[in-house]
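# Structural characterization, general
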Amino acid sequence: MTPPESKAARILYCHCAYAKVVPEETKQKVLRELNASGVSFDAVADLCEMSARKDPALQRLASGGETKIAACFPRAVEWLFHAAGAPLAKAGVEVLNMREDSAEDVLQALLGETANKTSEAKS
Amino acid sequence: MTKRLDAKRLRIVLYEGEGSTAIEDEQRLSTMTALLEDGHQVTRSGSNGTVATADTSDHLFLGQFDELPTASKAVEGGEIRFADIAGKDSAAIQELVRSQVQEANAEQPGEWKPWFPVIDYSRCTNCMQCLSFCLFGVYGVDDASQIAVDNEDNCKTNCPACSRVCPEAAILFPKYKSGPINGDVVREEDLQRESMKVDISALLGGDIYSALRTRSKDARERFSTERDESKALLERKRCLKKLQKDLDIPDEVLMTLPSAGDIEERARRAREKAEKRKARSRTMQDQKKVTTEEDWGI
């Protein structure tokens, strides 16, 4: 998977609601800043649960061009979508790992300039 | 069977467009967090950016509407509902959504911890070790005789044992604590560690099940000669403890181990099934044989 180049990529946020594997403070900060940014985005409770249930909504979330996904390890996200019969496109999809990366890094990749502006406005 | 979605789910949209008052940052965040914790899918329609396109799902628009619109049908066929959240806190909004879900006969999510294996097919060599190893019938084969996860629900929560025996580290449990099982990049040392684990089971006597059988037989023999029940039990416990430690198997899974006979029978049935499918696909390929110029008499 290669990262999307356009700034207008769709954003998908996974809350990993059924396990405590993503640091709580990272999730909270990413969700807070996304909410404050004014950007439209899709949020799901738990991609694992949707994959296990073969939720048809994954088709909707996987299709439609460039996408940035804030979730966990890219390999896990890629095969979760595949397992649900909704494979992600090989190009134009960037998975950001909230399990390992800092909220700041994830937000920078999601929002770019907007992330800087939101932080500046707060300070 | 897998808990596939039978009932529809509502897509919830936090609406702040025309005909509504913008939601305060704090209220939007607490509402979204509460709904996500409840297992819902939520779309935030902001002033810029795009979201996933509408499909046939039913939609529930939550907003501070100047005038509450009436429910209608979307172009794609799903129903569109509206609910006013003005003056409501996140708990009240959670309740409101629950009642809307009920009213729409939609699925109430969040009743199952999603613990199941996910196969990384870029690494999987179709060796079927996982199928033979899994005690609970999670794995099967698809029409192309490829290993597949058939029964996610049968998987025992927090048991990653099948991924431990996978020689290619191709089985993921995204909610596992450590890599590469959690989906982290597979490193050379991980592969060595995984193969060491297989070797450990081989050292125990061919495979862990035969090891269990042998040890249990030895224990029985010892019991019959020595009449020492506690010694035999101790031996079994020692063997199970080693297995548990090597493969990170939770206690409750060990408590439900099927008999060796059951395991062999299941592996035999799976092999038979795979062979039948292979034979069927061979027959279908023969039937689909492309007509050659010779067949046409050219």
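Residues numbered from 1 in each chain as written. Chains lettered and ligands numbered in written order. Predicted model: local features only at pLDDT ≥ 70, side-chain atom pairs only at ≥ 80, totals over all residues. Heavy atoms only, no water.

## Comments concerning the overall build of chain A
Helices and strands together make up the secondary structure of chain A, namely six helices and four strands. Helices and strands appear in chain A in the N-to-C order β-α-β-α-α-β-α-β-α-α. Expressed as a percentage of its 123 residues, the buried residues of chain A come to 60%. In chain A, the share of contacts with a sequence separation of at least 24, taken over all contacts with a separation of at least 6, comes to 76%. Counting every atom, chain A has about 4,800 Å² of accessible surface; 51% of that belongs to carbon and sulfur. (Helix = DSSP H or I, 4+ residues; strand = E, 2+ residues; numbered from the N terminus. Buried < 20%, exposed > 50% of the residue type's maximum accessible area, 1.4 Å probe, protein only. Contact = heavy atoms within 4.5 Å. Areas by Shrake-Rupley, 256 points an atom, 1.4 Å probe, with all protein chains shown as cover.)

## Let's talk about helix α2 (residues 90–103) of chain B
Here α2(B) is 14 residues long and its end C-alpha atoms lie 20 Å apart, about the 20 Å a rise of 1.5 Å per residue gives. Downstream of α2(B) by a residue or two, Asn105(B) has a phi angle that is positive, lying close to 55°. (Expected span 1.5 Å × (residues − 1).)

## Quick word on the interface of chain B and chain A
With 56 residues of chain B at the contact, the number on the chain A side is 44 residues. Interface area for chain B against chain A, summed over the two sides, is near 4,300 Å², with a carbon-plus-sulfur share of 52%. Counting across the interface, chain B meets chain A through seven salt bridges. With a shortest N-O distance of 2.7 Å, Lys54(A) and Glu152(B) are connected by a salt bridge. Secondary-structure elements contributing two or more residues to the side of chain B that touches chain A are α1 (25–37), β3 (41–44) and β7 (118–119) of chain B. Broken down by element, the side of chain B that touches chain A gets its largest block of residues, eight residues, from α1(B). Of the residues in the side of chain B that touches chain A, the class split is 20 nonpolar, 18 polar and 18 charged. (Buried area = accessible area lost by both parts, 1.4 Å probe. Salt bridge = Lys/Arg side-chain N within 4 Å of Asp/Glu carboxyl O. Nonpolar A, V, L, I, M, F, W, Y, C, P; charged D, E, K, R; others polar.)

## Some words on unusual backbone geometry
Residues and elements named next belong to chain B. Here Gly179 and Pro180 are connected by a cis peptide whose omega angle stands at 5°. Positioned with a positive phi, Asn158 is a non-glycine residue whose angle comes to about 75°. Mapped onto the elements of the fold, Asn158 is located in the loop between β9 (147–149) and α4 (161–165). Overall, the relative accessible area of 39% leaves Asn158 in the partly exposed class.

## Some thoughts on the environment of Ala83(B)
All names here are of chain B. With respect to the helices, strands and loops of the structure, Ala83 is situated in strand β6 (residues 79–84). According to the relative accessible area criterion, Ala83 is buried, its value standing at 3%. Distance from Ala83 to Phe65, taken between C-alpha atoms, is 8.4 Å for residues 18 residues apart in sequence.

## Some thoughts on the pairing of strand β1 (residues 10–14) of chain A
Residue and element names in this part refer to chain A. Of all five residues that make up β1, five are buried, and the element is covered over most of its length. Burial along β1 is two-sided: Arg10, Leu12 and Cys14 and Ile11 and Tyr13, pointing in opposite directions, are all buried. For β1 and strand β3 (residues 67–71), the ladder comprises four bridges, and the chain directions are parallel. Each bridged residue has a counterpart across the sheet, and for Tyr13 the counterpart in β3 is Ala70. Relative to strand β2 (residues 41–44), β1 is paired through three bridges, and the arrangement is parallel. What sits directly across from Leu12, in β2, is Asp42. Of the crossover connections in this fold, the one passing from β1 over helix α1 (residues 24–37) to the parallel β2 is right-handed. (Pairing = 2+ DSSP bridges. Right-handed = clockwise from strand over helix to strand, strands pointing away.)

## Focus on the side chain of Asp120(B)
Mapped onto the elements of the fold, Asp120(B) is located in the loop between β7 and α3 (129–133). Here Asp120(B) falls in the buried class, since its relative accessible area comes to 2%. Polar contacts involving the side chain of Asp120(B) include one to the side chain of Ser122(B), which spans 2.5 Å. With residues up to four places along the chain from it excluded, the contact list for Asp120(B) reads Arg75(A), Trp79(A) and Ala170(B). (Polar contact = N/O pair within 3.5 Å; in protein donor to acceptor, adjacent residues only side chain to side chain.)

## Points about the packing of α1(A) against α1(B)
Interhelical geometry of α1(A) versus α1(B) gives an angle of 130° and a closest axis separation of 10 Å. Accordingly, the angle class assigned to the pair α1(A) and α1(B) is oblique. Classified by chirality, the crossing of α1(B) by α1(A) is right-handed. Each of Leu31(A), Arg32(A), Asn35(A) and Ala36(A) in α1(A) lies in contact with α1(B), whose residues at this interface are Asp25(B), Glu26(B), Arg28(B), Leu29(B), Met32(B), Thr33(B) and Leu36(B). Partitioned by chemical class, the residues of the contact of α1(A) with α1(B) number five nonpolar, two polar and four charged. (Axes fitted to C-alpha atoms, helices over the stretch in contact; angles between N-to-C directions. Parallel < 35°, antiparallel > 145°, perpendicular 65-115°, else oblique. Left-handed = near helix turned anticlockwise from the far one by under 90°.)

By themselves, these are just geometric observations and shouldn't be taken as functional.
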